[in-house]
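# Structural features, examined
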Amino acid sequence: MSVFALTIAGSFAVTAAIKALGPVALGGRELPTWFTSVVVLLSPALLAALVATQVFAEGDRLALEADTAGVAAGGLVYWRTESIVACVVVAAAVTAAFRAL
Amino acid sequence: MAGFILALSFGILAEDAGFSPVAAVIFSAIVFAGSAQFTAVSIVGAGGGAGAAVAAATLMNSRFLPMSAAVGPSFSGGPIRRALKGQAVVDHSWALSSRGDGTFDEALLLGASAIAYCTWIGGPAVGVLWGDVLGDTDKLGLDAIFPAFFFGLLLNELRSRRARGVAALGTALALVLIPFTPPGIPVLVASLASLVGLTRRARADVRERQEAEGEPR
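Residues numbered from 1 in each chain as written. Chains lettered and ligands numbered in written order. Predicted model: local features only at pLDDT ≥ 70, side-chain atom pairs only at ≥ 80, totals over all residues. Heavy atoms only, no water.

### Considering the overall build of chain A
Within chain A, the regular secondary structure consists of four helices and two strands. Of the regular secondary structure in chain A, the N- to C-terminal order runs α-α-β-β-α-α. Taking 101 residues into account, the globule formula puts the C-alpha radius of gyration at 13 Å, and chain A, at 19 Å, lies well above it. Each principal axis of the C-alpha atoms in chain A carries an extent, and together these give about 55 × 40 × 25 Å. (Helix = DSSP H or I, 4+ residues; strand = E, 2+ residues; numbered from the N terminus. Rg over C-alpha atoms; globule rule 2.2 N^0.38 Å.)

See the structure below:
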């Protein structure tokens, strides 16, 4: 199987298992506090790392590029307006503008 | 609207990463977990292996465990039916259907998810078709849509000082590792920042919030 097929099949298997396990095996039971406490913090950790690797890396080196500026602008717009549509549109527009220079 | 733009950009990003158009649509159709899909595709696109991509997707999806467990008692039917209904749990429909007392409106959750599902499959299909018409999608800055969306989600998460600290730690771990490790590894290692949640004060805060909300989250 190719890396693409494996990624899709693997993602499908784990997602289906996680979503099925919740209501059936754990339905109604309280999860341990330490588990919930870590899961709550997984989102900021992963999101921050994903944004950083997308925006500051070009392959295996660190680089500031057009999308760095675009995403920063999008973040600023989101912070002011709380509109995710405005955020992504501005990010794309600013990135395109920098590339056109 | 935001859902459609994202679904569309997922199709474009997946194609950039080397997925065939059909594979991109199948990915959305059978996985239906946007953040995990974007995570997996961006790791493959950066040259990472399927193992790292699936591991990162799993971590991203781990939040569905407490979320779908919370919904469980509100679902009717036997274990198999409830397991199938659990597949419909996504952030948006979960939040929308929460009654705020620990129970959930089953019909609302399934309905909201059904609409989101159609958008989620339609978007990549359009993105893949459009991709050819638009030509060089990089020129249009469309590759910035996904990190910008995640940046927006991240800003939402940064309400507490602890979350801000974890985000900063995750960023630092990822940036330090980028030059030295294969793609995908920096994100996986950065997830370790969430272990801050094991500290006594973090656990006490969770317990306090659970008691205040009266729901198992």
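On we go.
### Let's talk about the environment of alanine 112 of chain B
Residue and element names in this part refer to chain B. Tracing the chain through its elements places alanine 112 in helix α8 (residues 106-134). As a C-alpha pair, alanine 112 and phenylalanine 19 span 93 residues in sequence and 28 Å in three-dimensional space. Once residues within four sequence positions are removed from consideration, alanine 112 is found in contact with His92, Ser93 and Leu96. (Contact = heavy atoms within 4.5 Å.)

### Considering the confidence of the model for chain A
When pLDDT is averaged across chain A, the result is 88; 95% of the residues are at 70 or more. Confidence, read as mean pLDDT per element, is least for strand β1 (residues 57-58) of chain A in chain A (78) and greatest for helix α3 (residues 66-81) of chain A (94). (pLDDT = per-residue confidence, 0-100.)

### Remarks on the packing of helix α1 (residues 3-25) of chain A against helix α5 (residues 64-71) of chain B
Two measures define how a pair of helices packs: the angle their axes make with one another and the distance between the axes. Their axes nearest at 6 Å, the elements α1 of chain A and α5 of chain B cross at an angle of 40°. In terms of crossing hand, the pair formed by α1 of chain A and α5 of chain B is right-handed. Contacts from Ile18, Lys19, Leu21, Gly22 and Pro23 of chain A in α1 of chain A reach Phe64, Leu65, Ser68 and Ala69 of chain B in α5 of chain B. (Axes fitted to C-alpha atoms, helices over the stretch in contact; angles between N-to-C directions. Left-handed = near helix turned anticlockwise from the far one by under 90°.)

### Notes on the interface of chain B and chain A
Quite often, the size of an interface is put as the accessible area lost when its parts meet. Contact residues are listed per partner, giving 91 residues for chain B and 68 residues for chain A. Across the chain B to chain A interface the summed buried area is about 6700 Å²; carbon plus sulfur atoms make up 77%. Among the residues of chain B in contact with chain A, Leu65, Ile178 and Val187 of chain B are the three that bury the most area, contributing 8% of the side total. Applying the counting rule to chain B against chain A returns one salt bridge. As a salt-bridge pair, aspartate 143 of chain B and arginine 99 of chain A come within 3.0 Å of each other at their nearest N and O atoms. Here chain B is connected to chain A by nine residue pairs in polar contact (both at pLDDT 80 or more). (Buried area = accessible area lost by both parts, 1.4 Å probe. Salt bridge = Lys/Arg side-chain N within 4 Å of Asp/Glu carboxyl O. Polar contact = N/O pair within 3.5 Å; in protein donor to acceptor, adjacent residues only side chain to side chain.)

### Focus on the nonpolar core
Residue and element names in this part refer to chain B. Phe19, Phe27, Phe38, Val41 and Phe150 are the most contacted members of the largest nonpolar core, which totals 75 residues. In this structure, this core is formed jointly by two domains, domain 1 (2-143) and domain 2 (158-217), each of which donates at least three residues. Apart from the residues lying within four places of it in its own chain, the contact partners of phenylalanine 38 are Leu6, Ser9, Phe10, Leu13, Trp120, Phe146 and Phe150. (Core = buried A, V, L, I, M, F, W, Y, C linked by side-chain atoms within 4.5 Å. Buried < 20%, exposed > 50% of the residue type's maximum accessible area, 1.4 Å probe, protein only. Domains from an automatic or database assignment.)

### Observations regarding the layout of surface pockets
Taken as a whole, the largest pocket spans an internal volume of roughly 1700 Å³. Per-element tally for the lining of the largest pocket: the top contributor is helix α2 (residues 33-56) of chain A, with eight residues. A domain split of the lining of the largest pocket shows at least three residues from each of domain 1 (2-143) and domain 2 (158-217) of chain B. In this structure, the second largest pocket spans a volume of roughly 760 Å³. If you trace the second largest pocket, you find 31 residues lining it, with Thr53, Gln54 and Ala57 of chain A together with Gly45 and Ala46 of chain B closest to the centre. Mapped onto the lining of the second largest pocket, the elements with two or more residues apiece are α2 and β1 of chain A together with α1 (2-16), α3 (34-45) and α11 (185-190) of chain B. (1 Å grid on protein atoms, 1.4 Å probe; cavity = no way out; pocket = protein on both sides within 12 Å on 5 of 7 lines; lining within 4 Å. Points joined across faces, edges and corners; volume = space filled by probe spheres on them.)

### What to know about the environment of valine 94 of chain A
All names here are of chain A. Looking at the secondary structure, you find valine 94 in helix α4 (residues 84-100). Overall, the relative accessible area of 21% leaves valine 94 in the partly exposed class. Taking the C-alpha atoms as reference, valine 94 lies 8.2 Å from valine 71; in sequence the two are 23 residues apart. Among residues more than four places away in sequence, those in contact with valine 94 are Ala69, Gly70 and Ala73.

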